[in-house]
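Now for the letters of each chain:
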Amino acid sequence: INTLHLKANTGNLNKSGLWSLNGTSLGNTPADSIAISIVNPGVYTLLIQNTDTCNISAAQVIDFNGTDLPCYGNILRDVPATAGTFIAEAGPNFNLSTTTYEWTVGNIYINSGNFPSVNVDTILLYTEACVTMSDSQGCYAEACMTAFSFNPDCNAAVFIQSAEITTEVFTDDAAYLILEYTDENGVIYSSESENQMGASVSLMSLESYTEPARPGEKFLKAVLSIDCVLYNPDGQGFDFSGVVEVAFGYP
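Because the structure is predicted, anything quoted here is derived from the model rather than measured.

A. Expanded view of the state of the cysteines. Overall, the coordinates contain two disulfides when judged by the stated rule. Through a disulfide, Cys 130 is tied to Cys 144; the S-S separation comes to 2.0 Å. The sign of the 110° torsion about the S-S bond sets the Cys 130-Cys 144 disulfide as right-handed. Of the two residues, Cys 130 sits in strand 12 (residues 128–134) while Cys 144 sits in strand 13 (residues 140–146), which places them 14 residues apart along the sequence.

Printed below as a string of structure tokens:
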């Protein structure tokens with residue numbers, strides 16, 4: 001099972017609010033940051049709402065396919081806030097060399113091309129600023145910020161601080177691994193022997209894997225460090241030590 005872990009904040013640690021995910025509350029105490037975990041693939045909306053004098057409502061859409069980090073992006077307000085500059089920050093899945101940015105501020109559409117920032121006349125700063133980010137690999141994301149002129153404490157967005165995917169392997173299942181080697185004389189040496197004693201297998205890494213010949217199926221690639229003895233049919237053996245890559249299928 002792959003689980004997406006996200007940490008997000010308002011982009012302004014002076015501002016807190018109530019968080020929700022797809023309309024489900026994530027707590028009744030206002031906070032300036034949140035940590036969430038997503039297991040099932042799908043499209044999720046992470047929302048922050050504040051009902052004090054700023055009345056902020058900002059959202060971030062997260063499209064998780066169950067395998068890869070989603071394409072997401074953030075929007076920041078330049079310092080000082082009255083400068084009227086907004087800055088887009090594309091997530092790690094974007095190819096920044098081909099990423100383009102398109103801005104909407106209030107009712108005005110601005111195409112800023114390959115430049116991730118935009119300067120806005122202060123008369124527009126009472127409205128919402130949004131940016132869409134896209135690259136040549138198909139990554140696409142939108143981020144918005146509700147910005148109020150001359151009041152930096154009222155600038156907020158859903159800002160994703162970090163994102164990672166962890167993989168859980170069911171421990172009630174087992175895999176049986178046999179190593180075999182055929183020498184130049186056609187003699188087969190195998191790790192499967194009643195004489196096998198003290199063999200060790202260490203897991204070095206585990207990650208998602210796609211097999212081109214079996215599209216649509218899910219695999220995990222395990223890199224194993226193995227120390228054992230390989231025996232021939234006469235019971236004679238030699239020491240084996242090396243690294244083996246193995247793919248395991250899962251539902």
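B. Here's a closer look at the pattern of salt bridges. Applying the stated rule across the entire model yields two salt bridges. Lys 221 serves as the salt-bridge partner of Glu 207, at 3.4 Å between the closest nitrogen and oxygen. Here Lys 221 lies in strand 18 (residues 218–231) and Glu 207 lies in strand 17 (residues 200–209), a separation of 14 residues in the sequence. A relative accessible area of 40% places Glu 207 in the partly exposed class. When the shortest N-O distance is used, the salt bridge between Arg 214 and Glu 217 registers 2.9 Å. Judged by relative accessible area, which is 43%, Arg 214 ranks as partly exposed.

C. The environment of Trp 103, seen in detail. Tracing the chain through its elements places Trp 103 in strand 9 (residues 100–105). Classification of Trp 103 as buried rests on a relative accessible area of 0%. Once the C-alpha coordinates of Trp 103 and Met 133 are considered, the two residues, 30 residues apart in sequence, prove to be 9.2 Å apart.

D. Molecular detail of the sheet that holds strand 12. With antiparallel pairing, the four strands of this open sheet are ordered in space as 10-9-12-13. This sheet does not close on itself; its edge strands, each paired only once, are strand 10 (108–111) and strand 13. Sheet twist, expressed as the average angle between the axes of neighbouring strands with direction ignored, equals 15°. With seven bridges connecting them, strand 12 and strand 13 associate as antiparallel partners.

E. Inspection of the nonpolar core at higher detail. Core analysis: the biggest nonpolar cluster contains 18 residues, and Ile 75, Phe 86, Trp 103, Val 131 and Met 133 have the highest contact counts within it. Where this core is concerned, the elements lending two or more residues are strand 8 (85–90), strand 9, strand 12 and strand 13. Membership of the second largest hydrophobic core comes to 17 residues, among which are Leu 6, Trp 19, Leu 21 and Ile 36.

F. Summary view of the packing of aromatic side chains. Per the counting criterion, the structure on display carries four aromatic pairs. Between Tyr 181 and Tyr 189 the ring centres are 6.3 Å apart and the planes differ by 40°, which places this aromatic pair in the tilted class. On the basis of relative accessibility, which here comes to 38%, the residue Tyr 181 falls in the partly exposed class. The exposure class assigned to Tyr 189 is buried, which follows from its relative accessible area of 15%. A centroid spacing of 5.2 Å and a plane angle of 65° characterise the contact between Tyr 189 and Phe 238, whose relative ring orientation is edge-to-face. Of this pair, Tyr 189 sits in strand 16 (residues 188–190) while Phe 238 is found in strand 19 (residues 237–250), placing the two residues 49 residues apart along the sequence.

G. Quick peek at the environment of Ser 193. Mapped onto the elements of the fold, Ser 193 is located in the loop between strand 16 and strand 17. Taking the C-alpha atoms as reference, Ser 193 lies 9.9 Å from Gly 237; in sequence the two are 44 residues apart.

H. Structural view of the pairing of strand 9. Of the two faces of strand 9, the one holding Tyr 101, Trp 103 and Val 105 is buried and the one holding Thr 100, Glu 102 and Thr 104 is not buried anywhere. Strand direction decides the pairing type here: strand 9 and strand 12, joined by six bridges, are antiparallel. Each bridged residue has a counterpart across the sheet, and for Glu 102 the counterpart in strand 12 is Thr 132. Inspection of the sheet shows strand 9 paired to strand 10 by four bridges, in the antiparallel sense. Looking at strand 10, one finds that Thr 104 is bridged to Tyr 109. Counting the residues in the hairpin turn of strand 9 and strand 10 gives two residues, including Gly 106, whose phi is positive at 65°.

I. Seen up close, the sheet that holds strand 2 (residues 18–21). Taking strand neighbours across the sheet as the criterion, the four strands line up as 3-2-5-6 in an open arrangement whose pairing is antiparallel. Edge positions in the sheet fall to strand 3 (24–25) and strand 6 (57–64), since each of these pairs with one other strand and no more. Examined bridge by bridge, strand 5 (residues 42–49) and strand 6 share eight bridges and lie antiparallel to one another. Residue pairing across strands places Leu 46 opposite Gln 60, the latter belonging to strand 6.

Criteria and cut-off values
- Residues numbered from 1 in each chain as written.
- Predicted model: local features only at pLDDT ≥ 70, side-chain atom pairs only at ≥ 80, totals over all residues.
- Heavy atoms only, no water.
- Disulfide = S-S within 2.5 Å.
- Helix = DSSP H or I, 4+ residues; strand = E, 2+ residues; numbered from the N terminus.
- Salt bridge = Lys/Arg side-chain N within 4 Å of Asp/Glu carboxyl O.
- Buried < 20%, exposed > 50% of the residue type's maximum accessible area, 1.4 Å probe, protein only.
- Pairing = 2+ DSSP bridges.
- Axes fitted to C-alpha atoms, helices over the stretch in contact; angles between N-to-C directions.
- Core = buried A, V, L, I, M, F, W, Y, C linked by side-chain atoms within 4.5 Å.
- Phe/Tyr/Trp six-rings, centres within 6.5 Å; stacked < 30°, edge-to-face > 60°.

Without other data, these values stay purely geometric and don't point to any function.
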